[in-house]
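# What the coordinates show
One letter stands for each residue in the lines below.
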Amino acid sequence: MEELIKEVQEKFGIEVKGMDDAWRLVEWLEERGWVVYIITARGRKQVDAWHSSYGTLFAQFGETPNFSSILEGILRVALLAKKLEEEGVV
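What comes next is a walk through the structure.

Cut-off values and rules
- Residues numbered from 1 in each chain as written.
- Predicted model: local features only at pLDDT ≥ 70, side-chain atom pairs only at ≥ 80, totals over all residues.
- Heavy atoms only, no water.
- Helix = DSSP H or I, 4+ residues; strand = E, 2+ residues; numbered from the N terminus.
- Expected span 1.5 Å × (residues − 1).
- Buried < 20%, exposed > 50% of the residue type's maximum accessible area, 1.4 Å probe, protein only.
- Arc of directions from axis to C-beta.
- Contact = heavy atoms within 4.5 Å.
- Patch = residues over 30% accessible without salt bridge, like charges linked within 9 Å, V, L, I, M, F, W, Y side chains within 5 Å.
- Areas by Shrake-Rupley, 256 points an atom, 1.4 Å probe, with all protein chains shown as cover.
- Salt bridge = Lys/Arg side-chain N within 4 Å of Asp/Glu carboxyl O.
- Lys, Arg positive; Asp, Glu negative; His and termini not counted.
- Charge placed at Lys NZ, Arg CZ, Asp CG, Glu CD.

Over its 13 residues, helix H2 (residues 19-31) runs 18 Å from end to end, which matches the ideal 18 Å to within 8%, given 1.5 Å per residue. Within H2 the residues assigned to the buried category are Asp 21, Ala 22, Leu 25, Val 26, Trp 28 and Leu 29. Projected onto a plane normal to the axis of H2, the buried residues spread over an arc of 160° and lie on a single side. Exposed and oriented more than 90 degrees from the buried face of H2 are Asp 20, Glu 30 and Glu 31. Those residues of H2 hidden inside the fold are in contact with helix H1 (2-12), strand S1 (35-41) and helix H3 (70-86). Once H2 finishes, Gly 33 follows within two positions and takes phi at roughly 90°, a positive value.

A cluster of like negative charges, contributed by Glu 2, Glu 3, Glu 7 and Glu 10, occupies part of the molecular surface. Topologically, Glu 7 is positioned in helix H1. Overall, the relative accessible area of 35% leaves Glu 7 in the partly exposed class.

Assignment of secondary structure puts Trp 28 in helix H2. Exposure remark for Trp 28: the relative accessible area of 10% places this residue in the buried category. With 15 residues separating them along the chain, Trp 28 and Gly 13 place their C-alpha atoms 12 Å apart.

As structure tokens, this is what we get:
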């Protein structure tokens, strides 16, 4: 998780210490046209993002890309979206 937090700080300039900081990434996604779904249930945690120019990307517990918490899922989805933006896909 430390490497993930470091990568987010490098890419976004946000030092992630908790969900308040991660929520800033959700707002970043929203500003760029992403719709973000956060789903929690017993045995299921999921962070999905959808964009009209791309479709769906997600992070889901137990599936690729795997994550262990909603916080981590938000970080992973934001980094995936940032990569698509850098590549000119969205």
